[in-house]
Structures are given as C-alpha cells and as structure tokens.
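Structural overview
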Amino acid sequence: MVTSTWIYTPKPGTINKQIELAEKFAEIWKKYGAKEVNLYALSGAQMGNLAFTARFENAAAWGSAWDAVNQDEDFSEIYKSLEELGFNWVSHITARQLM
C-alpha cells in the first residue's frame, strides 16, 4: 500500500468548510483509484494542522491517480475554493507500507 499525506494549516474558523471540501476531494481521489481517503485533525507537534490522506494499492496506482487528478477540472475548481478559504501548506509525504 502507498499513502499520500498532505499536511496543512487551515485559516481559523474554516473547519466546517474544510471538511466539506475534503469530502469533495475524496470523491475525486476515489474516482481515480484511491482505496481510502481521510481527513485528520492533528495533535502533538502538528497541533492545529489537518492531514488529508489518500491510500492506494501500490505506487503505480498512486502515480496514475496523481496524473489524473492534476488534469481533473473539478479538482481544480475545488482547489481554488480551498485557496480562497486561506491555508498554509506544511508538507506532503508519500509513504510505502512495508508490513
């Protein structure tokens, strides 16, 4: 399995809209092969950040979905809505499950 995680800091007061947009993003990622998509509220050193994750069967499935999502017009429109809310990217991590 391969999991791609985007960590970002949302603008205060936008959590309900963030969840709404994450649900729309999830639909698109699933359309292109994601097996599981989640939005997490982080704690500890990442307190105040959100993590959006998309999980795939393997790296090939992740790469194919990444290419498709980046060409998807609906994804672009949803991303614009996210930008309008205001947020700061913290990091993006792609991890391959070993066991």
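Just so we're clear, the structure is a prediction, and the values are computed from it rather than from any experiment.

**What about the overall build of the protein chain?**
On a plain count of helices and strands, the protein chain comes out with 3 helices and 4 strands. What you see for the protein chain is a C-alpha radius of gyration of 13 Å, in line with the 13 Å of a compact globule of 99 residues. In terms of its C-alpha atoms, the protein chain occupies a principal-axis envelope of roughly 35 × 35 × 15 Å. When contacts within the protein chain are restricted to residue pairs at least 6 apart in sequence, those whose partners lie at least 24 apart make up 72%.

**With respect to the sheet that holds strand β2 (residues 36–41)**
The sheet built from 4 strands is open, its strands ordered β2-β3-β1-β4 with antiparallel pairing. Strands with a single pairing partner mark the edges of an open sheet, and in this sheet they are β2 and β4 (87–96). Within the sheet, the average angular offset between the axes of one strand and its neighbour, ignoring direction, is 15°. As paired strands, β2 and strand β3 (residues 50–56) are joined by 6 bridges and run antiparallel to one another. Pairing of E36 across the sheet is with R55, part of β3. Against the sheet, helix α2 (residues 59–69) touches β1 (2–10), β3 and β4, its axis set at about 45° to β1.

**Some remarks on the layout of surface pockets**
Empty space within the largest pocket amounts to approximately 270 Å³. Those elements giving two or more residues to the lining of the largest pocket turn out to be β1, α1 (15–31), α2 and α3 (73–85). The element best represented in the lining of the largest pocket is α1, accounting for 5 residues. Of the residues in the lining of the largest pocket, the class split is 13 nonpolar, 2 polar and no charged.

**Some details on the pairing of β3**
Extensive coverage of β3 is indicated by the burial of 6 of its 7 residues. In the sheet, β1 pairs with β3 via 7 bridges, with the strands oriented antiparallel. Directly across from T5, in β3, lies its bridge partner T53.

**A short note on the packing of α1 against α3**
For the pair α1 and α3, interaxial distance at closest approach is 10 Å and the crossing angle is 160°. Considering their axes alone, α1 and α3 lie roughly antiparallel with respect to each other. The hand of the α1/α3 crossing is left-handed. Along its contact with α1, which presents K17, Q18, L21, K24, F25, I28 and W29, the element α3 presents D74, F75, I78, Y79, S81, L82 and L85. Considered class by class, the residues forming the contact of α1 with α3 number 9 nonpolar, 2 polar and 3 charged.

So, how was this worked out
- Residues numbered from 1 in each chain as written.
- Predicted model: local features only at pLDDT ≥ 70, side-chain atom pairs only at ≥ 80, totals over all residues.
- Heavy atoms only, no water.
- Helix = DSSP H or I, 4+ residues; strand = E, 2+ residues; numbered from the N terminus.
- Rg over C-alpha atoms; globule rule 2.2 N^0.38 Å.
- Contact = heavy atoms within 4.5 Å.
- Pairing = 2+ DSSP bridges.
- Axes fitted to C-alpha atoms, helices over the stretch in contact; angles between N-to-C directions.
- 1 Å grid on protein atoms, 1.4 Å probe; cavity = no way out; pocket = protein on both sides within 12 Å on 5 of 7 lines; lining within 4 Å.
- Points joined across faces, edges and corners; volume = space filled by probe spheres on them.
- Nonpolar A, V, L, I, M, F, W, Y, C, P; charged D, E, K, R; others polar.
- Buried < 20%, exposed > 50% of the residue type's maximum accessible area, 1.4 Å probe, protein only.
- Parallel < 35°, antiparallel > 145°, perpendicular 65-115°, else oblique.
- Left-handed = near helix turned anticlockwise from the far one by under 90°.

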